[in-house]
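Summary of structural features
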Amino acid sequence: MRIFDPHIHMTSRTTDDYERMAAAGVRALVEPAFWLGQPRTSAASFVDYFDSLVGWEPFRAGQFGIRHHATIALNPKEANDPRCREVLDLLPRYLDKDGVVAVGEVGYDSMTPEEDEVFAAQLALAVAHELPALVHTPHRDKARGTERSLAVVAESGLDPGRVVIDHLNEVTVPLVRDSGCWLGFSIYPETKMSPPRMVELLRTYGTERMLVNSAADWGRSDPLLTRATGEAMLAAGFDADDVDRVLWRNPVEFYGQSGRLELADDESAGEPAGEATPGTFEGNSILRGGS
Amino acid sequence: MEPEPELERLRAALLAVPDGRLPDRDWLLDRDWLAEALRRVGAEPAALGRLFAAAGRRCGRTPLPDLPDWTADDAARVLLLAALPPTELPGQVEARYREGDAAERRAVLRALPLLPVGDAGVPLLHDAIRTNDTRLVSAALGPYSTRLDQAAWRQAVLKCVFTGIPLAAVHRLHDRADAELATMLAGFADERRAAGRDMPADATALLARLSVPHRSGTPTGPGAEEEA
């Protein structure tokens, strides 16, 4: 089972987790910039954080053969802190980096006017940098927050096919499916979504535009729940190709829209293993493209 | 090493990369992009930031067939820095390192000995050696590392042994290795032996060589300039 975790906060995880993830089949991941639990007091603190997302974390992941990519943004919670507003000015520099495959996590936390402003400004950056966007949905007042997020996306001019709306559940799925955006599900030990519930959603809605992630972070979470979801799919009668679509080809297709995804030759979206072309460049960017 | 001929060799080796517009492979080098980027950097130095970040996507990341110690992205970034007006160079070298991802930082470190920046890049070497990123530590121990003082240099060599960087990455290792480095390596070897762990073979060989008393006239002693 090859796994691409499209949303996991490795900064908050140990190197042992990388080792266990590699053993479980995780070969690539995307680490979105987010809130670290402790509020930051200045934009400079974000510089160090973003630097690690394009420096140290890819190195750490590489020790276990895992390809690390990032999404960069000012998260919704800290969008409300005036001390962090200058982060918006830093973003363009990071959105030019090779490993940055989307703008995110953007979206709503408490749905304040400040969040409105920062959300819209960052979707405009996604348009300007020709990058997809990862939209977090709020934990409180989620259904209305999701509706409002979809309205902001529609206003932004960003193609819905280049947007994933994340942390969905049974209540919010239909809204997002109808919008044309991608659907993200964070499989947690107890809260957001569980493997059995996820399997039911896949039965109901199919595998198209569905992204399954562990969203593992500093809270109670488990980086191997992507694998557990794949196993639950198989036990429920999905075949290996369905699992590969959800856990590998879908995230490759979504983040591949950045033109910056780098995977080994045998791990491209549709090609079978073992067709590496000698002379293609190291890193074997299979979804090439310019910026 | 003479910087200018080295830069010209780098330019020739990069431009010798096969044309990317072959149907059966990724583009390896976008020549038009590179030519335009080099022109633009000379005329408009502030444009370098975005061009520097994009160089890997535009020029590829393979080792150059004619200079396999260099990858295309490193070479392209060195040429971009070299295309700057000289007055812009110190500020841009610093900015491209400080604002760079790991690949951009590595390219800046590799560029330092080829650019007329004097000692201005030494703080960047110290920064790179403080990291645990082996790509940066090894790039910091190239030819520009002759500007590191001997204490910092020894610590960096020992860090290579600790982090598994082959000692072949260290410029002028055998010229510069001295009795103090031998003492440090011997201490490390003792700890490894006590723990029942292996010492890297290249470190063992270096220690053995340093432990043999030098006959006078052998060319293996530390270079006088670095003892200052």
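In the block above lies the structure referred to throughout.
Within every chain, residues take consecutive numbers counted from 1 along the sequence as written. Whichever chain is written first becomes A and whichever ligand is written first becomes 1, with later ones labelled in order. Predicted model: local features are reported for residues with pLDDT of at least 70 only, side-chain atom pairs are reported and counted for 80 or more only, and whole-chain, interface and lining totals are derived from all residues. Side-chain measures were taken over the full set of non-hydrogen atoms in the model, leaving aside hydrogen atoms and water.

**Thoughts on the overall build of chain B**
The helix and strand labels rest on DSSP assignments: H or I over at least four residues marks a helix, E over at least two residues marks a strand, and numbering proceeds from the N terminus. Of regular secondary structure, chain B possesses 13 helices and two strands. Relative accessible area decides the class of each residue, using a 1.4 Å probe on protein chains only: under 20% of the type maximum gives buried, over 50% gives exposed, and in between gives partly exposed. By residue count, 51% of the 228 residues in chain B fall in the buried class. The contact definition used throughout considers only heavy atoms, calling two residues in contact when any of these lie within 4.5 Å. Long-range contacts, defined here as pairs at least 24 residues apart, represent 64% of the contacts in chain B between residues at least 6 apart. Here the Shrake-Rupley method, with its probe set to 1.4 Å, supplies the accessible areas, and only the displayed protein chains count as covering residues. When the accessible surface of chain B is summed, it comes to about 10,600 Å², and 55% of that surface belongs to carbon and sulfur atoms.

**Quick look at the overall build of chain A**
The number of helices and strands found in chain A is ten helices and eight strands. Scaling as 2.2 N^0.38, a compact globule of 291 residues should have a C-alpha radius of gyration of about 19 Å, and chain A matches this with 18 Å. For chain A, the spread of C-alpha atoms along the principal axes amounts to about 50 × 45 × 35 Å. Counting over 291 residues, chain A shows a buried share of 57%. When contacts within chain A are restricted to residue pairs at least 6 apart in sequence, those whose partners lie at least 24 apart make up 71%. Counting every atom, chain A has about 10,800 Å² of accessible surface; 51% of that belongs to carbon and sulfur. All tallies of charge rest on Lys and Arg as positive and Asp and Glu as negative; His and the ends of each chain are not included. A charged residue contributes its charge at one atom only: NZ of Lys, CZ of Arg, CG of Asp or CD of Glu. Computed over 28 positive and 46 negative side-chain charges, the separation of the two mean positions in chain A equals 3 Å. Every radius of gyration here is taken over C-alpha atoms, with the globule rule written as 2.2 Å times N^0.38, N being the number of residues.

**Things to note about the pairing of strand β2 (residues 67-71) of chain B**
In regular strands, side chains alternate between the two faces of the sheet. DSSP bridges decide pairing: two strands pair if at least two such bridges lie between them. Bridge count between strand β1 (residues 63-64) of chain B and β2(B): two bridges; the pairing is antiparallel. Counted as the bridge partner of B:Leu64 is B:Leu67 from β2(B).

**A short note on the side chain of B:Asp101**
Mapping B:Asp101 onto the fold places it in the loop between α5 (89-98) and α6 (102-111). In the sections that follow, a salt bridge refers to a side-chain nitrogen of Lys or Arg positioned within 4 Å of a carboxyl oxygen of Asp or Glu. Put simply, B:Asp101 is tucked away with no salt bridge, and the nearest opposite charge, on B:Arg77, sits 5.1 Å away. Whenever two N or O atoms come within 3.5 Å, that pair is a polar contact, provided that in protein one can donate a hydrogen and the other can accept it, and provided that, for residues adjacent in sequence, both atoms are side-chain atoms. Among the polar contacts made by the side chain of B:Asp101, one reaches the main-chain amide nitrogen of B:Ala103 at a distance of 3.1 Å. In this structure the side chain of B:Asp101 is engaged in a polar contact, spanning 2.9 Å, whose partner is the backbone nitrogen of B:Glu104. In this view, B:Asp101 contacts A:Val54, A:Lys97 and A:Asp98; residues no more than four positions away in its chain are not counted.

**Brief notes about the environment of A:Arg2**
Residue and element names in this part refer to chain A. With respect to the helices and strands, Arg-2 occurs in the segment before β1 (3-5). For the pair Arg-2 and Asp-159, spaced 157 residues apart in sequence, the C-alpha to C-alpha distance is 28 Å. One polar contact links Arg-2 to Asp-244, side chain to side chain, over a distance of 2.7 Å.

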